[in-house]
Amino acid sequence: MAKVKRGKVVRYNKWGYIFLIPFVVVYVLFQLIPLFRTFYYSFFENYRSGLTQIGPNFIGFGNYAKLLSNPDLWMYTKNTLIMWVLGFVPQIIISLLLGAWFSDPSLRLKGQRFFKTVIYLPNLIMASAFAMLFFTLFSDGGPINEMLMQIGVLKEPYQFLTNVWSTRGLVALMNFLMWFGNTTILLMAGMMGIDTSLFEAAEVDGATSTQVFFKITLPLLKPILIYVMITSLIGGLQMFDVPQILTNGKGDPMRSSMTLIMYLNNHLYSKNYGMSGALSVMLFIITGILSLIVFKFSNGKQDK
């Protein structure tokens, strides 16, 4: 009987592998092979100068040395991280509050489905459309300036897109609006998976709602929080479409909103494939290091 059952399990398992074949084929063709080719071509000099094609010529770590000695790489890394932090901090705070409210049965909030749908809707809007909307709203002659002047807050139009921090703030605001709904849904799912008997026991012991949130909810949400933080960090480092459209691809003012992917896009546009490959590898390494730091730091705090 044991042999028959084991045979059945094997026969059933083969269908799982068969259904995985389309995903594996697509992943290998469009993800894994391009990844290895990017690593390979990052060691070559391969660009176009006018009508002349230079390379591909093997230069080893020449592209990496040139990138690391270029202060632009570190400036664009700083820009990217600043705009990510400005958008992520309010995003995680608002998402935790909304998740706690929506998952608390004692509050008995009405219209929960409607509000959940509304907060998730911005995530469905294309980032390019969002950027064009904000570009129109916050332009010198846009509705925001007109409204602020009419109520007496401003005497003349404020140039949102020519100020360093207002431009960064707009990019962060757009990223916050687009993603806080998705983060709220993830955190709320984690909160609803917590055993309600823990909350009941805390209530019997006289714990306040604040104590319950910080002593029970947050510690049990750590796996979800780590996941949200790492995925948000990866998405933040890949920030491209919003600042690209808002600043017309220039990263103005003074390249203060130029991101790493915008920098990579400039190399691809100029057909400097060797340098763009090296920059892609550098971005991969930076993402891996920062994600590992977040994971280790969060796990270290959890172990304590």
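Everything discussed here concerns the structure shown above.
All values reported here derive from a predicted model rather than from experimental measurement.

Turning next to the side chain of threonine 77. The residue threonine 77 is located in helix α3 (residues 71-103) in this model. Using a relative accessible area of 9% as the deciding quantity, one classes threonine 77 as buried. For threonine 77, the side chain forms a polar contact with the main-chain oxygen of leucine 73, separated by 2.7 Å. In this structure threonine 77 touches Leu260 and Ile286, once residues within four positions along its chain are discounted.

Bringing helix α10 (residues 222-237) into the picture now. Under the 1.5 Å per step criterion, the end-to-end length of α10 is 22 Å for 16 residues, consistent within 8% with the ideal 22 Å. Of all the positions in α10, only Leu225, Ile226, Val228, Ile230, Ser232, Leu233, Gly236 and Leu237 are classed as buried.

Looking now at the packing of helix α7 (residues 164-192) against α10. For the pair α7 and α10, interaxial distance at closest approach is 9 Å and the crossing angle is 165°. Our classification of the angle between α7 and α10 gives roughly antiparallel. Along this stretch, α7 crosses α10, giving a crossing that reads as right-handed. Contact residues: α7 offers Thr183, Leu186, Leu187 and Gly190, while α10 offers Ile224, Leu225, Tyr227 and Val228. By residue class, the composition of the contact of α7 with α10 is 6 nonpolar, 2 polar and no charged.

For the rest of this paragraph, the subject is unusual backbone geometry. With an omega dihedral of 0°, the bond running from aspartate 252 to proline 253 counts as a cis peptide bond. By the secondary structure assignment, proline 253 is in the loop between α11 (241-246) and α12 (260-269). Here the phi dihedral of asparagine 248 falls at roughly 60°; this positive angle occurs in a residue that is not glycine. Phi is positive for arginine 255, which is not a glycine, with a value near 60°. Summarising the element assignment, arginine 255 is placed in the loop between α11 and α12. Residue arginine 255 is classed as partly exposed on the basis of its relative accessible area, which comes to 34%.

What counts, and at which threshold
Residues numbered from 1 in each chain as written. Predicted model: local features only at pLDDT ≥ 70, side-chain atom pairs only at ≥ 80, totals over all residues. Heavy atoms only, no water. Helix = DSSP H or I, 4+ residues; strand = E, 2+ residues; numbered from the N terminus. Buried < 20%, exposed > 50% of the residue type's maximum accessible area, 1.4 Å probe, protein only. Polar contact = N/O pair within 3.5 Å; in protein donor to acceptor, adjacent residues only side chain to side chain. Contact = heavy atoms within 4.5 Å. Expected span 1.5 Å × (residues − 1). Axes fitted to C-alpha atoms, helices over the stretch in contact; angles between N-to-C directions. Parallel < 35°, antiparallel > 145°, perpendicular 65-115°, else oblique. Left-handed = near helix turned anticlockwise from the far one by under 90°. Nonpolar A, V, L, I, M, F, W, Y, C, P; charged D, E, K, R; others polar.

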